Number of protein chains: 2
Amino acid sequence: MADIGDKISEAELVVMEALWEQSPQTATDVADRVAAARDWSVQTVKTLLSRLMAKDIIAADQDGRRFLYRPMVARDDYVAGESGRLVNRLFGGRISPLVAQLASQDQLTAEDIAELEDILKGLKS
Amino acid sequence: MADIGDKISEAELVVMEALWEQSPQTATDVADRVAAARDWSVQTVKTLLSRLMAKDIIAADQDGRRFLYRPMVARDDYVAGESGRLVNRLFGGRISPLVAQLASQDQLTAEDIAELEDILKGLKS
DNA sequence: TCGCATCGATTACATGCGTAGTCAATGGAG
DNA sequence: CTCCATTGACTACGCATGTAATCGATGCGA
């Protein structure tokens, strides 16, 4: 569960994804990785790293002159928190209306359906 | 689908919920209804209504000296957009990992599971 | 040893958001 | 007809965010 104190902003999340992919990394490494998704200057990435540090969402260990950054929050925990928050805000905490919603928007592939069936089968045992 | 142009903020969403519950309503009506959820002054609610108007998310028809506000976006459309956005951001557009996630957090009740099975059954036909 | 490249830290600045006070107009009570 | 309560409009203001430039320290090549 590991409660996330401060909120992770949209831009910060991009940086987090880079760190979740691989860690620890130097600021420059993160910037390079982020460059694939966003055309940001290195400075921007460093600012975001600082803000994430201030929020205790990541930590850094000194390595000579530079720092090696690593996440303090597991992606799964973050994702669980966000999913739960959305489900609470929009569906009164119930998940099935969400699925129904996505289904009605034709956002479920045959593969999704098969996987959902597997999940349900597992839950019933 | 009715694309939502501007983003609805957290506070604005509270106002929208009041309008989705019942519409049209005067600003004071909305404020009263919102009071159940948040301890805001009438002015705050009016400001939020103005911002929602500016974003074309709601509209107002004059009724004598006051206005009757009504949503221009259906709740379903909004909810679909938000759900889709979350699923894209966090699950690469796949819904089953979301359900798996919630399942692993024990956030699925027996009722949810039954309903999900029904939904899936409906989809396969 | 001297200057440059590089690193993290600090500062910047426009925009959006949360929360609310104040103002000008106006409809209704007396 | 006068005054007050109510309404929408405008203004305020501090904090978060997105995006970045600049600064001071420092390790490394020449």
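Because the structure is predicted, anything quoted here is derived from the model rather than measured.

**Student:** With reference to specific residues and values, describe the protein's contact with DNA strand D.
**Tutor:** Close to DNA strand D lie 22 residues; A:Ser9, A:Glu10, A:Ala11, A:Thr47 and B:Ala27 are nearest. Only helix H1 (10–21) and helix H3 (42–54) of chain A together with helix H2 (27–35), helix H3 (42–54) and strand S2 (66–71) of chain B provide two or more residues apiece to the surface near DNA strand D. Its residues assigned to classes, the surface near DNA strand D comprises five nonpolar, 10 polar and seven charged.

**Student:** Give me the interface of chain A and chain B: which residues, what numbers.
**Tutor:** If you look at the interface, chain A gives 28 residues, while chain B gives 28 residues. At the level of secondary structure, the elements contributing two or more residues to the side of chain A that touches chain B comprise helix H4 (75–91), helix H5 (96–104) and helix H6 (110–124) of chain A. Of the residues assigned to the side of chain A that touches chain B, the class counts are 16 nonpolar, six polar and six charged.

**Student:** Quick rundown of the relation of the copies chain A and chain B? Include the residues and the values.
**Tutor:** With an RMSD of 0.1 Å, the operation that places chain A on chain B is a rotation of 180° combined with a shift of 0.0 Å along the axis. The operation mapping one copy onto its partner corresponds to a two-fold rotation axis. Comparing interface residues between copies, 100% of those in chain A also sit at the interface in chain B, which points to an isologous, same-surface contact.

**Student:** For unusual backbone geometry, give the residues involved together with the corresponding values.
**Tutor:** All names here are of chain A. Put simply, Ser23 and Pro24 share a cis peptide bond, and its omega is 0°. In this structure, Pro24 sits in the loop between H1 and helix H2 (27–35). In this model, Asp56 sits at a positive phi of 60°, which is unusual for a non-glycine residue. Residue position: Asp56 is located in the loop between H3 and strand S1 (58–63).

**Student:** How would you summarise the domain arrangement of chain A if you had to cite specific residues and measurements?
**Tutor:** You can read the domains of chain A as domain 1 (10–71) and domain 2 (75–124). Once you take the C-alpha centre of each, domain 1 of chain A and domain 2 of chain A turn out to be 30 Å apart.

**Student:** Help me get a handle on the protein's contact with DNA strand C, residues and values and all.
**Tutor:** Lining the immediate surroundings of DNA strand C are 23 residues, of which A:Ala27, B:Ser9, B:Glu10, B:Ala11 and B:Thr47 lie closest. Breaking the surface near DNA strand C down by element, the ones donating at least two residues are H2, H3 and strand S2 (66–71) of chain A together with helix H1 (10–21) and H3 of chain B. Taken together, the residues of the surface near DNA strand C break down into five nonpolar, 11 polar and seven charged.

**Student:** So what's going on with the nonpolar core? Which residues, and what values?
**Tutor:** B:Val15, B:Leu19, B:Val30, B:Val34, B:Val45 and B:Leu49 are the most contacted members of the largest nonpolar core, which totals 17 residues. Among the elements of the structure, H1, H2 and H3 of chain B are those that each provide at least two residues to this core. Ranked by residue count, the leading element in this core is H1(B), at five residues. With sequence-adjacent residues up to four places away left out, B:Leu19 is seen in contact with B:Gln25, B:Val30, B:Ile58, B:Tyr69, B:Arg70 and B:Pro71. Within the second largest apolar cluster, 16 residues are counted, among which are A:Met16, A:Val34, A:Ile58 and A:Val73.

So, how was this worked out
Residues numbered from 1 in each chain as written. Chains lettered and ligands numbered in written order. Predicted model: local features only at pLDDT ≥ 70, side-chain atom pairs only at ≥ 80, totals over all residues. Near = placed C-beta within 6 Å. Helix = DSSP H or I, 4+ residues; strand = E, 2+ residues; numbered from the N terminus. Nonpolar A, V, L, I, M, F, W, Y, C, P; charged D, E, K, R; others polar. Contact = placed C-beta atoms within 7 Å. Least-squares fit on C-alpha atoms with pLDDT ≥ 70 in both. Domains from an automatic or database assignment. Core = buried A, V, L, I, M, F, W, Y, C linked by C-beta atoms within 7 Å. Buried ≥ 20, exposed ≤ 12 C-beta atoms within 10 Å, placed from the backbone.

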